[in-house]
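Architecture at a glance
Here's the letter readout for the chains.
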Amino acid sequence: MIQVTDHLERRIRKPVDALRCVLACIGILLLVVAGVAAGATTQGVESNLVGASKKLPQALQIVAPQMAGYALLILPLALAVAQLIRRQVRRLIEALATGVAAALVANIVNILLERRAASRLYYAIIMASQGTSHVNALDPYLLGLIAFVTMIGLTGRPGWRNALVLAVSVYAIVQLALSHTTHASVLTIFITVLAGHAIGLAIRYAAGSASQRPSARDIALALSTRRVGRAKHDKDTTVTAIKRVRQPRAEAVGSRQYEATTRDGSQLDVIVFDRDQQAAGTFYQLYRWIRVQGQVSRTAPLSIDRAVERRALLTYATEDAGVPTPRLRTLVRVGPDAAVLAYEHGAGITLAQLNSGCTDEDLGRVWDAVTRLHAHHVAHRGLTADRIVFTADGRVMLLEPGDGDVAASDLQMRLDLAQLIAELALVVGPEKSAQVAVERVDGGELVMVLSLLQPVALVRSTRHELRRRRAVLPAVRRALLAAVPDAEVTPVQLQRIRPRTLVTLVASVVAVYLLAGELAQNSLGSVLRHADWRWALVAIGLSAATYVGASLSVSGFVSEKLGFFRTTLVQLASSFVTLVTPAAVGGVALNVRYLQRRKISAPAAVASIGVSQIVALVLHLLLLAIFAAVTGAGDKNPIHPPTWSYFVVGALVAVAAGVLALPAGRRLVRARLSPTFGQVLPRLVEIAQRPTKLAEGIGGALLLSIAYIFCLATCVAASGGSVPIAKIGFVYLTGSALGSIIPTPGGLGAVEVALTGGLTAAGVPGGIALSAVLLFRVLTFWLPVPLGWAAFNYLERHHDL
């Protein structure tokens, strides 16, 4: 009789479904990009395929459409009957619902693609030139069929899978052969198939699949029928009790863990690897593989066979090195979809449980165990406090070395030491951890380990804890550097792609895409041809003056002296950064970073930029009130804002009132604003005692706003319009405020809509308003981008950012 305590899930989410869904979406994206970027080439490919299909025998061209139609009708019916015979009614209902939902999605997408804004994308997908009569870009029935079949799942059913491939292939060939009447294209068919597959996988992952995992009783019976052990003299054992561990250790993520008791009273730790979890953690592993070097990122095998083999190998290698670790008693298959490893239970107290009660002798024994492991070129790669156990007989046991490396390189073993030093610093303190490390590692090797002591090289749980306790890692570095004062420690570049490089790449792509979209939509060539370049040259000078004003507004609120040239370059570089950040975010972060590089403390830098932003906000509101008063008092035709602006203002007021009406909202606002005012007010008082600095900061902020207002006015004049400067000021200040609120890169979209609507309300004809706004955005946003990119790279090379 086996006592079983199990919590077997009836439905599970398979990580491989999510992985395949993402891959299908990437495939759709690549096909769309190919259609948009290489329209002529894709049309040529389609023409070749259509020409080849038309060379088929006439009889086949007559019979094939009927066969394809019948096949696509009969196939789902036959699958439905098969599901009923197998008594899988629930899965059939879910598949039918998924197919209907996918067909509805296809119809919605078809409706959206027929809109004017999506015309370029639509004609790229159907591989036709502009002006072709509208047809469906996606085939709703085919998409629904693919989603239906995906939801059912054809794994292990090759006959059904081959029938589906044959039916869809014949259907695709027929559609291409009759493309002169159906307007089907290669992209249409491929995107339809991938979209149906992606929708089916997404719903299957969200809803879960029926679990086919072996139960705890099956696992116990499989262990009981095996001779547990590796030697002939090992006795047979029978499992008498097995219990599911609800919260497995971090290393068992993607697997199940049980505690088993044998007939002779011994305890076993049982880890079960299920095939349905074989892709668990793939996205994080992929992220680490992209982010860091190969020897730093540990790629787990996707196959359960490779996973259990690797764990067994690392366990045997650790034992061979003379380092205590739970003995692997057996490795057994439980059915076709699960593999089980049974370890002897490692009794003792973990380092995490011992915590600060760990003595110098205990730390020495931990280092001895790791040193013996490295002497046999085995790296653990998971030395966390819950994997280091002190046994009753005084030994140190290392749990679960299965994520490590055999035949480990010097870099991998040094990464192990860096992890151990950081983990011990979290447990016993930075000074004590560094002291033991200095005693155990010689000077030259310590320098190499110290250069690897970076968050990116550490275990995930350690990185999370170090983020919470930010002072620990710098403290242990300082303590280790004090032990090697004459050594030059240069951090090793462990990252493949730095976040800053990734931001630069994304910004470049976004810039090219957004610029191409604006140029295509608003015909920049026509605007530039008809613009009066005498006014445009003045606008260029005013655009340049805005960066001077921004530079003065920053340096005026910093007590220390800043170089005018480099400060202006930073403001120019912020025009590049705002491509991927909201208008009011990227520049602030860049300025804070620049001040820190100027040896200004982080709190002082944040306070200085905070004062600059608050002063700019106050001046903005004052100018807005002044221009609004002048416009209303001195013009018989005041500005009438568009109707949508009232809804926007009303929504913002409602949201603000709702937040302030709730106690939680008031606490949130207070928590966000209190630290800011606590830093800003002392800096403002300090600057107010220096009139020259105060005048410099306020003057720079005024110059920034006034230069933008006059730049917009000259753009209106260059486009053939004429508006009083008071109205221009009111329109610009309102539009820029809206652009700061809307969280889009550089305020794109919001600023254009607000300025165009404002100029139209001020009496500027619609065509002239569009041309003026486009010219203004080109001169103040797009033209500085390449200069900002050059400034960003210059400052980075000279370590100013």
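Scroll up to find the structure.
Owing to the predicted nature of the structure, the values given are computational and were not obtained by experimental measurement.

Rules of the game
- Residues numbered from 1 in each chain as written.
- Predicted model: local features only at pLDDT ≥ 70, side-chain atom pairs only at ≥ 80, totals over all residues.
- Heavy atoms only, no water.
- Phe/Tyr/Trp six-rings, centres within 6.5 Å; stacked < 30°, edge-to-face > 60°.
- Helix = DSSP H or I, 4+ residues; strand = E, 2+ residues; numbered from the N terminus.
- Buried < 20%, exposed > 50% of the residue type's maximum accessible area, 1.4 Å probe, protein only.
- Pairing = 2+ DSSP bridges.
- Axes fitted to C-alpha atoms, helices over the stretch in contact; angles between N-to-C directions.
- Expected span 1.5 Å × (residues − 1).

1. Focus on the packing of aromatic side chains
By the definition in use, this model includes three aromatic pairs. A ring pair is formed by Y708 and Y732, whose centres lie 5.6 Å apart and whose planes are at 20 degrees; its orientation type is stacked. On the criterion of sequence distance, the pair formed by Y708 in helix α28 (residues 691-718) and Y732 in helix α29 (residues 725-741) is long-range, its members being 24 residues apart. When its relative accessible area of 18% is taken as the criterion, Y708 is described as buried. Seen from their ring centres, Y732 and F776 are 6.2 Å apart, and the 75 degrees between their planes marks the pair as edge-to-face. Remark: F776 occurs in helix α31 (residues 766-782) and Y732 occurs in helix α29; sequence separation between them is 44 residues.

2. Describing the sheet that holds strand β8 (residues 338-344)
As summarised here, the arrangement of the six strands in space is β1-β4-β5-β6-β8-β7, forming an open sheet in which the pairing is mixed. On the outer flanks of this sheet lie β1 (3-5) and β7 (328-333), each paired with one strand and no other. Pairwise comparison of adjacent strand axes, ignoring direction, gives a mean angle of 20 degrees for this sheet. Relative to strand β6 (residues 267-274), strand β5 (residues 256-262) runs antiparallel, the two sharing six bridges. By the bridge assignment, Y258 is partnered in β6 with V270.

3. Notes on unusual backbone geometry
Despite not being glycine, R381 has its phi angle at roughly 65 degrees, a positive value. Mapped onto the secondary structure, R381 falls in the loop between β10 (378-379) and β11 (388-390). Its identity is not glycine, yet A407 carries a phi of approximately 50 degrees, on the positive side. In this fold, A407 is placed in the loop between β13 (405-406) and α15 (410-428). Among the residues examined, A407 registers a relative accessible area of 71% and is labelled exposed.

4. Things to note about the pairing of β8
When a strand is regular, its side chains alternate between the sheet's two faces. Burial of β8 is extensive: six of the seven residues sit out of reach of the surface. Across five bridges, the pairing between β7 and β8 is antiparallel. In the strand pairing of β8, R333 is matched with A339. Connecting the antiparallel pair β7 and β8 is a turn made up of four residues, with G335 showing a positive phi of about 75 degrees.

5. Here's the deal with α28
Over its 28 residues, α28 runs 39 Å from end to end, which matches the ideal 40 Å to within 8%, given 1.5 Å per residue. At the C-terminal side of α28, G720 shows a positive phi close to 100 degrees.

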